[in-house]
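# An overview of the molecular structure
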Amino acid sequence: MAKRKTTPLKDFAPDGHHCSLDLKTTKLGMVSFFQDLEQDVLDEIVKRFTATHYREGDEIYYQGDPAHYLRVVVDGAAKLLRYTDEGKDVVLDILNPGSYFGSLKLLGSDVYTESAEAQSGCCILSIGLKDFREILQEYPSVGIAILEMSAEKLRSSQEQIKQLTTESVETRIANILLILTDKFGEVKEDKTLIQLPFSRKDLADMAGTTTESASRVMSNFQKEGIIETGRQWVAIKNIEMLRSIVEH
């Protein structure tokens, strides 16, 4: 039996170094509604956030819980899921550092409409309603940016629904790999490495298909020389072929 390939390039367990003040400020500045703020303003805003470390698989919050915090990924990755009436998990997104998630009543939601889980060991910043309201009062441009961002999120959700109902499984999985490449890809020689705890079930849940179908597509991609896989990693060997599948 062939030995499964491994490539332990990165330790996903965050520590104090991975969640340093400089890193918190940098990743906070990547959030869409904070991007236009000056550095000295970000230095003050980051003080209103609290940092929490999670291990891989830890629940951050549950679908239906009161929406008390807006959160930002500083290090590692987090997964958003929605549970259907049939008891199935739907993976909505895998979030990289600089991505925000969660909600507040101020933003139009009394409860979380999805669950959040640590995809890897990660560091997460959180801010509550009182502190976030004060930020909006002090920096009105943040509120305007949030309105623009909400419209973009709605458009993205509609596009995702369209893909799940009209595109082939092969196309959906190719698109997911391109998205993950953009978020987590690291160029290593002639390949782009996605090193992330990411199971075939996660991939299937994101693509709205069965684990068996997702595994079959990934095996075909590997046979065609598009990807190479190992334990907790995928290497994209031919990104142009992936793009051609999506743009067919």
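Structure first, text after, so check above.
Only a predicted model underlies this, so the values are computations on that prediction, with no experimental measurement involved.

Along the protein, the regular secondary structure elements total eight helices and twelve strands. Here the protein holds 248 residues, and 44% of them are scored as buried.

Attention shifts here to the sheet that holds strand β2 (residues 59-61). In spatial order, the strands read β2-β7-β4-β5; together these four strands make up an open sheet with antiparallel pairing. Among the strands making up the open sheet, the edge pair consists of β2 and β5 (89-95). Neighbouring strand axes in the sheet, compared pairwise and without regard to direction, differ in orientation by 30° on average. Examined bridge by bridge, β2 and strand β7 (residues 115-118) share two bridges and lie antiparallel to one another. The partner of Glu-59 across the bridge, within β7, is Glu-117. Relative to β5, helix α6 (residues 200-207) is tilted by about 100°, and along the sheet it contacts β4 (78-83) and β5.

The subject of this paragraph is unusual backbone geometry. The backbone phi angle of Glu-189 is positive, close to 60°, even though this residue is not glycine. Here Glu-189 shows up in the loop between β9 (186-188) and β10 (191-195). With a relative accessible area of 79%, Glu-189 lands in the exposed category.

What the four strands build is an open sheet, ordered β9-β10-β12-β11; its pairing is antiparallel. Bordering the open sheet on either side are β9 and β11 (227-230), each of which pairs with just one other strand. This sheet shows a mean twist of 30° between the axes of neighbouring strands, independent of strand direction. Note that β10 and strand β12 (residues 233-236) share four bridges and pair antiparallel. Counterpart to Thr-192 in the pairing with β12 is Ile-236. Along the sheet, helix α7 (residues 211-223) makes contact with β11 and β12, crossing β11 at roughly 120°.

Procedures and definitions
Residues numbered from 1 in each chain as written. Predicted model: local features only at pLDDT ≥ 70, side-chain atom pairs only at ≥ 80, totals over all residues. Heavy atoms only, no water. Helix = DSSP H or I, 4+ residues; strand = E, 2+ residues; numbered from the N terminus. Buried < 20%, exposed > 50% of the residue type's maximum accessible area, 1.4 Å probe, protein only. Pairing = 2+ DSSP bridges. Axes fitted to C-alpha atoms, helices over the stretch in contact; angles between N-to-C directions. Contact = heavy atoms within 4.5 Å.

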